[in-house]
Amino acid sequence: MPAPPRLRRLARAAVAVVALGLVATACADTGDSASGSGAARDTIVVVTGDQASNVVRDYGFTNGTDNQEVTNSIHAQLIRKPYIAEEGANVQVQDLYHFEPFLAQSYDVSPDGKVFTFHLRQGLKSQQGNELTADDVVWSFERKFSSKGGGMPGYYAPMLTDIDKQVVAVDKYTVTFTIDQPGYGFTLLGNLAENIGSIYDSTYLKQHATADDPYAIQWGVSSMMNGNSGFGPYMLQSVTPNQEIVMTANPNYVFGPLPIKTMIRRVVPDAATRANMLVRGDADVALDLRPSDQADLASNPDVFTPTASSNLYHSITLNTKQAPFDNRTVRQALAYAVPYDQIVKDVYHGRAYAYQHLLDDKQPYYDESTLPKYTYDPARAKALLAQAGITTPVSFTLTVSNASPSVQDSAVVLASAAKDAGFDVKINQVPAAQLFSDGLAGRLQANMGTGSAVTMSPPYELQLVTQPGGGSNLSFWSGPDYDAFAQVMKQGLASTDAIGPEAGPLWSKAEGMLADSAANIFVARVMSPYSLRADVHGYAQRTDRRIDYAAITAGGEQNS
Amino acid sequence: MTPAVPTAAPDAASLLAAVRRQRWWALRVLVLPIHILVFALIAFFLVRLIPGDPARAIAGPDATPETYEAVRAQLGLDGSIWTQLGHYVSGLVRFDPGTSITNGRPVFDELMARLPGTVELAVVSFVILVLASLLLSLVVVLAPRSLDARIVSGYSQAAGAVPDFVVGVIGILLFYATLQVVPAPNGRTRPGLQEPDPITHFPLLDSVLAGRFAVTSSILSHYLLPIVVLVVSLAPLLLKQLLGALGPAAEDRATLFRIATGTPRRKVVVSIYRRALPPTIAVFGTIFGTLLGGTVIIEQLFGLGGLGTYAVTAVAGLDFTALQGTLVLVAAISMIVFLLSDVTTMLLDPRRRPGVRGSGS
Amino acid sequence: MTSTLPPPAAPTDTPAPPTAARRPRPRLGVGTWIAAALLGLVLLVAVIGPLIAPHDPTGVVGLPSRPPSGEHWGGTDSTGMDVFSRTLAGTRIDVAIAVFSTLLATALGIVVGLAVGMNESRRGPVGMAARGLSRLLDLLQAIPVVIIGLVVVSFFGTSTVTMILAIAVILMPIQARLTRTEVLRVRGDAYLDAARQAGQHELRVIVKHVLPNSVRPALLNVSVILGISIVLTAALGFLGVGLPPPTPEWGSMIAHGAGDAAVGKWWSAGFPAAALCITVASASVLTHRFTVNRVG
């Protein structure tokens, strides 16, 4: 039937009105909200891919950028690592080998290197307004060691095993940590300077403790807003699940007042959108960007991308208990089948740098000569395989997490390049949690991912990936090679100073043995995945690669 | 049924008859909780099919074997699967789906914090979707041979061809990154704009009730693109069904009679819709379920963290309790919506009630 | 549309109107022919795609993220694989997943639908089991397929075969429900009793008389299922549980390239997205014509 013109006009008009109305409302909110021009700002907008789900570190292992940034901001430690300039970097980095006072005013070490005495700042208040005392320190460590979920005893082994004896409040403002061997001292200090060394407001938490929950851990996790129990620079103001966390400056912060009063942390799951928001001025800080986007942003004068060395290693872990990697020659052959340079250049777009070992090369007495030189050399890989009488292609499954695009891309590049070196690589992607539990159960042949040590102490780093039964040990390296390695480690731990002239060469020797075993193939170091608006200043790179928001200012002149 | 005793009070018999008359919907309502419970059992086993060990993930990279065992106990994953099932079911009947494995908070609170936002987005999208589909179908009904009508029916045939995430990515690229006519896909409001204290917990409604119209406008503008994406990608599905039902109705004898007798066009159109709508109401119900699922991806794209994001995070983090809680909640909502759409259909068209011949679905 | 449970096909919901016969049958227009040609092309590429691909679809063949050029018609993706070759090669995988999961879902769905429909009104344990199964099918429909997909795929793992199984399991209830409804309608017909009285075995009655008369809705729904299956594969890829790289599968390619598209490098997601849309749309258009011409 023919359309009556009136009705048809009506229908069209209705469509037009609806569309117009919607567009009009939309335009109401498109102005840029983050970066203004010139004047200093006291509010910043941070866009993050995920949201902190639990700010009580002692409840359970919490992964994800946002979790660590939020807990870092809530808490403070007795000591911290000072920021220093680094050659070739455009931001400051942390000095890994010295410590400066933070909540403690000073600390001293007994002549035998076994007793560390911390003198607390007096009159320092927590976020809840309670004064910091030695009891807070002792109680904090009791809490850390009381909970199974946090895994703290693992981090502090073997330095601290018996809190009651080893951590003692001498008077109201003095606390001592006593260790068995002076060689543990450096690692202990390193741990105390990271977020696993956070000091809690015991007065506040004790008010919420019950007989079933003596350290108020369950109470703490029952609501995110119960998390303001520290001495750190920021505290939670509001939490909208999976959408937003607002943090405000802690008025009692030891180095306050802070230039940034409010930090709005928005969840934007898509990495490319986060990059776009930075360009558009809708965000001041964007976390977890893709290297390719960071490379594209390099030419944008409004955006600043920090460049500095990093402790995040990209590595392949081979299961030494399963064919084909139960054979060392096959592992070494694979080490010659990895296209190191191509991964750095094409996957990380220069946001990573070649670094084929574990330890920090700026560490005192470090010696690189112990390391085998692995390069992409398919001929050599094939020769090694032939020499060992292995029929090629050697096929294996490489498992990667489905949450890290750069690692997935690296896996593709590796699979393509390793084909010429006699390997047939099948890629399997699983959720991170599953990768972890399957790996620990010994069900994976090989996996690739990124990782880092919480504490940059040579023995800690070396043990992290080799300790039998350890949670980061997915290679299960054992046998005579490992025993020899363990012997060297023992010698090192027995020395008086973990970063002294006696221990240093031993760590290098052990690292050489680890590299020779090829149980872990270190591919590269990955730089910070953060970019900022150019007028956000003061970014300094922490060892854990998180942002120290207490150091940030916004507005004013542009970064150079 | 006992045959009516002649001496019995007529009241009882009529009451019985009344009950029997209402049986068609009352029964459906009564079995709903049972259905949900059955589904909860399915969800329980389904979730446990996922490989991986949540206790491992919680215990962290440096856990010793003892710590790991302790964590398993702490998470309630140490008993046999039947003990776990017992805990789960006894919790569920008390509306307590347990505590989240990954963050230790009650799953009920976590779900309730996310549900209103998700439901609000779904309902608003649903209303716009239905209106848009009705409006577009009108174009076809009014002038089936016109160019407009051809475009509309072509669009309806594209049902399912353009996935919502493709529409979403194109939308963000075009309208945010390039043209900048919509705000950043960073959640519900402009950063820094405080949402009012919850009254109904539905953010948009609350902002209106609290008289905070700046928030209302901010939410509307942030909802715009996600809603358009949902509507554009789902409208063909509804439209296809609608046109399928309208076609026959337009050529029904009754319609032809009205046209022949010179009934005003508006009345003819109304009568066509009245005839065509009942069979499509059931489809509306399914579409709402689809919409609820569609929000999973929309939430990911637009930073509107809600139930979908919660489910995706739960799968990734092996959070069994959170995942089974979400599954049961989403199923319960869908079942209630199905029930409502079925009851509506049966109200409009008593032939579709159970007990009437030919019933079954 | 990831979460699309198709609305039950119209024919089962709307009893054919008595006047339908008078409805003029639409001509087979240009659109239909275009759709048929496109679908034919897709099927052809599914067979010969990997053979005509200019580059190795699973290997790194150039610099990453290059726009389309003479050398790489579809540009390269973020690892340097050739997008055009991958889109061609992906056709086989996506069509295979779609076709096999649809066949499996339909076959299973028809068997389950028949079993449930024929036994639902029985007394005793068989009837109870059938009624239970019938309710179960309804229940499974209550959850968005994307969420079920996440769980089921996590269980089955990700390879082409497991993906087919997972998707078949997810989509089976739809076909089963359609068949069951139709069985319930046919069940009471007089000719069945006639056949039974003629001494035919019950199974024979079902196969010879019930089956042919109750599979139509499920068969007509095949194209819808086909579309859902492709889009669902893609959506699962988007949520990170798709086929592992470097498998050239459209959904995973779109998911992987979506980030690049958002910063203007449209090609690595654009080509597979176009292929996906063309395939589903042409299948949908053809079925629509087919359905309109045959039903009523």
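See the structure above.
On a predicted model such as this, the values are computed, not experimentally measured, just so you know. (Residues numbered from 1 in each chain as written. Chains lettered and ligands numbered in written order. Predicted model: local features only at pLDDT ≥ 70, side-chain atom pairs only at ≥ 80, totals over all residues.)

**Student:** Sorry if this is basic, but what is going on with the sheet that holds strand E21 (residues 531-533) of chain A here?
**Tutor:** Residue and element names in this part refer to chain A. Spatially, E10-E11-E12-E1-E13-E21-E14 is the arrangement adopted by the seven strands of the open sheet, whose pairing is mixed. With partners counted over all chains shown, the strands left at the sheet margins are strand E10 (234-240) and strand E14 (303-304), one partner each. Here strand E1 (residues 43-48) runs beside strand E13 (residues 285-286); their pairing, made up of two bridges, is parallel. Its bridge partner being in E13, Val47 is matched across the sheet by Ala286. Against the sheet, helix H2 (residues 65-74) contacts E1, E10, strand E11 (244-249) and strand E12 (262-267), and its axis sits at roughly 140° relative to E10. (Pairing = 2+ DSSP bridges. Helix = DSSP H or I, 4+ residues; strand = E, 2+ residues; numbered from the N terminus. Contact = placed C-beta atoms within 7 Å. Axes fitted to C-alpha atoms, helices over the stretch in contact; angles between N-to-C directions.)

**Student:** For this particular structure, what's the right way to read the sheet that holds strand E4 (residues 92-94) of chain A?
**Tutor:** Pairing between the strands of a sheet is mediated by backbone hydrogen bonds and can be parallel or antiparallel. Within the open sheet, the three strands sit side by side as E3-E4-E23 (chain A). Their pairing is mixed. Two strands lie at the open edges of the sheet, namely strand E3 (83-84) and strand E23 (540-541) of chain A, each paired on one side alone.

**Student:** Teacher, can you tell me more about the nonpolar core here?
**Tutor:** Of all hydrophobic cores here, the largest spans 345 residues; its most connected members are Val285, Ala286 and Ala337 of chain A, Val169 of chain B together with Ala235 and Ile254 of chain C. The contacts of Ala337 of chain A, once residues within four sequence positions are left out, are Pro378, Ala381, Ala417, Ala418, Ala421 and Phe423 of chain A. (Core = buried A, V, L, I, M, F, W, Y, C linked by C-beta atoms within 7 Å. Buried ≥ 20, exposed ≤ 12 C-beta atoms within 10 Å, placed from the backbone.)

**Student:** Sorry if this is basic, but what is going on with the environment of Val454 of chain A here?
**Tutor:** Residues and elements named next belong to chain A. Structurally, Val454 can be placed in the loop between strand E19 (446-451) and helix H16 (458-464). Expressed as a C-alpha distance, the spacing of Val454 and Asp367, which sit 87 residues apart in the sequence, is 22 Å. Here Val454 is in contact with Tyr155, Glu194 and Ile196, once residues within four sequence places are set aside.

**Student:** Help me out: how do you make sense of the environment of Tyr366 of chain A in this one?
**Tutor:** Residues and elements named next belong to chain A. Position of Tyr366 among the secondary structure elements: in the loop between strand E16 (352-354) and helix H13 (378-387). Placed 137 residues apart in sequence, Tyr366 and Ala503 show a C-alpha to C-alpha distance of 9.8 Å. Excluding its chain neighbours within four sequence positions, the residues that come into contact with Tyr366 are Leu359, Asp361, Gly504 and Ser508.

**Student:** For this particular structure, what's the right way to read unusual backbone geometry?
**Tutor:** Peptide bonds are trans in most cases, and residues, glycine excluded, mostly fall at negative phi. Backbone torsion omega between Ala157 of chain A and Pro158 of chain A reads 0°, so that peptide bond is classified as cis. Cis geometry is found at the peptide bond from Pro245 of chain C to Pro246 of chain C, where omega equals 0°. Mapped onto the fold, Pro246 of chain C is located in the loop between helix H10 (222-238) and helix H11 (250-262). In the Ramachandran plot, Asp288 of chain A falls in the positive-phi region, its phi being about 50° despite a non-glycine side chain. Here Asp288 of chain A is to be found in the loop between E13 and helix H10 (291-297). On the basis of neighbour counts, which here come to 18 C-beta atoms within 10 Å, the residue Asp288 of chain A falls in the partly exposed class. A positive phi angle, near 55°, is found at Ala518 of chain A, a position not held by glycine. For Ala518 of chain A, the location among the structural elements is in the loop between helix H18 (503-517) and strand E20 (520-526).

**Student:** Could you clarify how one ought to interpret the interface of chain A and chain C in this entry?
**Tutor:** How large an interface is tends to be reported as the accessible area lost when its parts come together. Contacts between the two partners involve 24 residues from chain A, matched on the other side by 16 residues from chain C. Those elements giving two or more residues to the side of chain A that touches chain C turn out to be helix H9 (271-280), H10, helix H12 (340-347), helix H14 (405-418) and strand E18 (423-430) of chain A. For the side of chain A that touches chain C, the element with the most residues is H14 of chain A, which contributes seven residues.

**Student:** How do you make sense of the packing of helix H11 (residues 328-335) of chain A against H13 of chain A when you look at a structure like this?
**Tutor:** Pairs of packed helices are described in terms of their axes, by the angle between the two and the distance that separates them. Residue and element names in this part refer to chain A. Where H11 contacts H13, the axes come no closer than 8 Å and their chain directions differ by 170°. It follows that H11 is roughly antiparallel to H13 by the angle criterion. Mapping the contact onto sequence places Thr329, Val330, Gln332 and Ala333 in H11 and Ala381, Leu384 and Leu385 in H13. (Parallel < 35°, antiparallel > 145°, perpendicular 65-115°, else oblique.)

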